[in-house]
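As a plain string of letters, each chain reads:
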Amino acid sequence: MAFTTLRLPPYPKLVTNNRFSGIFASQFHSSALPSSLVLGSSSSCVGTLSLSINHHSSRWSSTTFTCFSQTSELSVSVDTYGNNTERVVVLVIGGGGREHALCYALQRSPSCDAVFCAPGNAGISTSGNATCIPDLDIFDSLAVISFCSKWGVGLVVVGPEAPLVSGLANDLVTAGIPTFGPSAEAAALEGSKDFMKTICHKYGISTAKYQTFSDASAAKQYIKEQGAPIVIKADGLAAGKGVAVATTLEEAYKAVDSMLVEGIFGSAGYQVIVEEFVEGEEASFFALVDGENAIPLESAQDYKRVGDGDTGPNTGGMGAYSPAPVLTKELQNVVMESIILPTVKGMSMEGCKFVGVLYAGLMIDKKSGLPKLIEYNVRFGDPECQVLMVRLESDLAKVLLAACRGELKGVSLKWSPGSAMVVVMASKGYPGSYEKETVIRNLEEAECVAPAVKVFHAGTAFDSDGNFIATGGRVLGITAKGRDLEEARDKAYLAVEEINWPGGFYRQDIGWRAFPQKQFSRNA
């Protein structure tokens, strides 16, 4: 019987692929294990862990646990049973709900040996989904490259847009590290809405009519000519909040002043896009891209407005579900052929091939029934990523490596049947000012209320007593799978109601677009 051995350099709180941690949970009481290895706790007892696992029979061959210092080594011996699958250590960049979901999916990947997350958050570290590296500066390319070299990282997955726009992927690829995420030049599709619109115009991609302004008076004159409703967008990155849908001219003028005169979004608002209002239904469409080829992910739909009934200001997203009924298979084909593939080809012709995930924010035009591109993001959406990752059954690490190598042609993805939904719990006051460090309880209980419930952390830390506390606006993503959307919704809200967090709030109508109004009540 042949064995292969993975040896990783010493690091505290290493979390390996859940093929190992899952066996821990099923075979041993957690108190019998060095918790820092499985749960990522603050324990200083790291030790040497030796495993011999027969992949074919999934039974223990031998186990030993010994506690030494933090400089001890992790050795994992695996009976490959003739399996020549390439195995990699993965580093996920970021610390939000999207990154937690990516860690969760990567840890389940058969070709992934271990997952690091920088900086991560308290929920990621305690979930056992990844080993968090809170002191790694993700905007310091040299530091990230050094970490990858030291720990044998074979794939970097960049979650948030800011490091991409700043050129992290450029530097990692130059250093020979496979990186899933576009170059700074390609990331301009999200970093500058004016650039995205220019690409659309040049390559015949359907999008809303627009003009770009840096002068407030000129912008207001154009708004007056066009009339309301109308949309005003900050040109640069504004953490998902740089969009104002104005229903009156006065609202539009105020939005222009806030961005161009008051500078509420800083350099991101030095230019604004004034865009026609397209009436219809929003949808999110994702495709993995390798520079030349693209493959679609499952459809999803998110909820940007902060209040029930799609009221109040836009947020980074208050919930989502997958699949989205509005994106029929026919429409998905239209999106691929008329939006995604022309963009991929156009970016290649512009000399900045796109490698990563293209996230098309669409509006299904009420008049024509056809999709229009509203905006591009160059990373997985949050919270859409949560529902996609719990449904994905393919080996994520293997697929992302294929994208990095330009080998996506012919690749297909497998998804679990049924539906998934995520309900975002946010700090009261969000997206405006909100209180931080409010205590959150009953998170473990929430995950146990029903099968297939997962709590993804977006903004949590620990207080001095070891309690979870909220550190951001959007804090938790309560995610559930079900046989259909109704079951997924019921499970998600059942888990939400189990959580004891007086400082938080959530929308109570996530999924309403997919249900007849009379059927929406969760108590029906």
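- Within an unreviewed UniProt entry, the label attached to the protein chain reads phosphoribosylamine--glycine ligase, and the organism entered is Gossypium arboreum.
- The Sequence similarities (unreviewed entry) comment attached to the protein chain in UniProt states, word for word, "Belongs to the GARS family."

## So, the pattern of salt bridges
Link 1 in the chain: Summed over all chains, the structure comprises 22 salt bridges.
Link 2 in the chain: A salt bridge links E99 to R98; the shortest N-O distance between them is 2.7 Å. The same class applies to E99 as to R98, namely buried.
Link 3 in the chain: Two residues, D382 and R474, come together in a salt bridge whose shortest N-O distance is 3.8 Å. Of this pair, D382 sits in the loop between β21 (371-377) and α13 (384-391) while R474 sits in strand β27 (residues 474-482); the two residues are 92 residues apart in sequence, bridging distant segments of the chain.
Link 4 in the chain: Given a relative accessible area of 13%, D382 falls into the buried group.
Link 5 in the chain: Three or more residues are tied together by salt bridges with common partners; here these are E161, E190 and R379.

## Some points on the packing of aromatic side chains
Link 1 in the chain: Considering all chains together, one arrives at 10 aromatic pairs under this definition.
Link 2 in the chain: Where Y104 meets F456, the ring centres are 5.6 Å apart and the plane angle is 75°; that geometry is what we call edge-to-face. Residue Y104 is found in helix α3 (residues 97-107), and its partner F456 is found in strand β24 (residues 453-457); the two are separated by 352 residues along the sequence.
Link 3 in the chain: Ring centres of F213 and Y222 lie 5.4 Å apart, and the angle between their planes is 45°; this geometry places the pair in the tilted category.
Link 4 in the chain: What links up through ring pairs into an aromatic cluster is the set F116, F147 and W151.

## Observations concerning empty space enclosed by the protein
Link 1 in the chain: Throughout the structure, instances matching the rule amount to 5 cavities of 30 Å³ or more.
Link 2 in the chain: Taken as a whole, the largest cavity holds about 50 Å³ of empty space.
Link 3 in the chain: As for the largest cavity, its lining consists of L288, L297, F380, M389, L392, L396, L413 and W415.
Link 4 in the chain: For the lining of the largest cavity, the residue count by class is 8 nonpolar, no polar and no charged.

## Structural notes on the confidence of the model for the protein chain
Link 1 in the chain: On average, residues of the protein chain score 84 in pLDDT, and 82% of them are at 70 or above.
Link 2 in the chain: Contacts from residues 1-13, a stretch scored under 50 in pLDDT, to residues over four places away or in other chains number 50 contacts.

## A word on the packing of helix α8 (residues 184-191) against helix α9 (residues 193-202)
Link 1 in the chain: Axis separation between α8 and α9 bottoms out at 6 Å; the angle between their running directions is 100°. Taken together, α8 and α9 sit at an angle that is classed as roughly perpendicular. Along the contact surface, α8 presents E185, A188, L189 and G191, while α9 presents K193, F195, M196 and I199.
Link 2 in the chain: Here the residues of the contact of α8 with α9 are counted per class, giving 5 nonpolar, 1 polar and 2 charged.

## A few points about unusual backbone geometry
Link 1 in the chain: A cis amide bond links S322 with the next residue in sequence, P323, at an omega value of 0°.
Link 2 in the chain: By secondary structure assignment, the location of P323 is in the loop between β19 (319-322) and α12 (329-349).
Link 3 in the chain: Geometrically, the link from Y430 to P431 is a cis peptide bond, its omega value of 10° lying close to zero.
Link 4 in the chain: Position of P431 among the secondary structure elements: in the loop between β22 (419-427) and β23 (439-440).
Link 5 in the chain: Phi is positive for D310, which is not a glycine, with a value near 55°.
Link 6 in the chain: In this structure, D310 sits in the loop between β17 (305-307) and β18 (311-314).
Link 7 in the chain: Phi at A452 is positive, roughly 60°, even though this residue is not glycine.

## Looking at the sheet that holds strand β8 (residues 153-158)
Link 1 in the chain: If you walk across this open sheet you meet the 5 strands as β7-β6-β5-β8-β9, and the pairing is parallel. The open sheet has two free edges, formed respectively by β7 (131-132) and β9 (179-180), since each of these has just one partner strand.
Link 2 in the chain: As paired strands, strand β6 (residues 112-119) and β7 are joined by 2 bridges and run parallel to one another. Paired with F116 across the two strands is T131, which belongs to β7.

## Section: the sheet that holds strand β25 (residues 460-462)
Whenever strands of a sheet pair, they do so through backbone hydrogen bonds, lying parallel or antiparallel.
Link 1 in the chain: One open sheet accounts for 3 strands, arranged β23-β26-β25; its pairing is antiparallel. Single-partner strands in this sheet number two, and they are β23 and β25.
Link 2 in the chain: For β25 and strand β26 (residues 468-470), the ladder comprises 3 bridges, and the chain directions are antiparallel. Paired with F462 across the strands is F468, a residue of β26.

## Quick look at helix α5 (residues 141-151)
Link 1 in the chain: The complete set of buried residues in α5 reads S141, V144, F147, C148 and W151. The buried residues of α5 all sit within an arc of 130° when viewed along its axis, so they share a single face. Among the exposed residues of α5, those pointing more than 90 degrees away from its buried face are L142, S149 and K150.
Link 2 in the chain: The backbone nitrogen of L142 lies 3.2 Å from a side-chain oxygen of the residue at the head of α5, namely D140.
Link 3 in the chain: In the segment just after α5, G152 is the residue with positive phi, at about 65°.

## Topic: the pairing of strand β5 (residues 88-94)
Residues in a regular strand point their side chains to alternate faces of the sheet.
Link 1 in the chain: Of all 7 residues making up β5, 7 are buried, and the element is well covered by its neighbours.
Link 2 in the chain: For β5 and β6, the ladder comprises 7 bridges, and the chain directions are parallel. Within β6, the residue paired with V92 across the bridge is C117.
Link 3 in the chain: For the crossover that starts at β5, traverses α3 and ends in the parallel β6, the hand is right-handed.
Link 4 in the chain: Bridging between β5 and β8 involves 5 bridges; their strand directions are parallel. Of the residues in β8, the one forming a bridge with V90 is L155.

Cut-offs used in this document
Residues numbered from 1 in each chain as written. Predicted model: local features only at pLDDT ≥ 70, side-chain atom pairs only at ≥ 80, totals over all residues. Heavy atoms only, no water. UniProt positions renumbered as here; feature names shortened; annotations may be inferred. Salt bridge = Lys/Arg side-chain N within 4 Å of Asp/Glu carboxyl O. Buried < 20%, exposed > 50% of the residue type's maximum accessible area, 1.4 Å probe, protein only. Helix = DSSP H or I, 4+ residues; strand = E, 2+ residues; numbered from the N terminus. Phe/Tyr/Trp six-rings, centres within 6.5 Å; stacked < 30°, edge-to-face > 60°. 1 Å grid on protein atoms, 1.4 Å probe; cavity = no way out; pocket = protein on both sides within 12 Å on 5 of 7 lines; lining within 4 Å. Points joined across faces, edges and corners; volume = space filled by probe spheres on them. Nonpolar A, V, L, I, M, F, W, Y, C, P; charged D, E, K, R; others polar. pLDDT = per-residue confidence, 0-100. Contact = heavy atoms within 4.5 Å. Axes fitted to C-alpha atoms, helices over the stretch in contact; angles between N-to-C directions. Parallel < 35°, antiparallel > 145°, perpendicular 65-115°, else oblique. Pairing = 2+ DSSP bridges. Arc of directions from axis to C-beta. Polar contact = N/O pair within 3.5 Å; in protein donor to acceptor, adjacent residues only side chain to side chain. Right-handed = clockwise from strand over helix to strand, strands pointing away.

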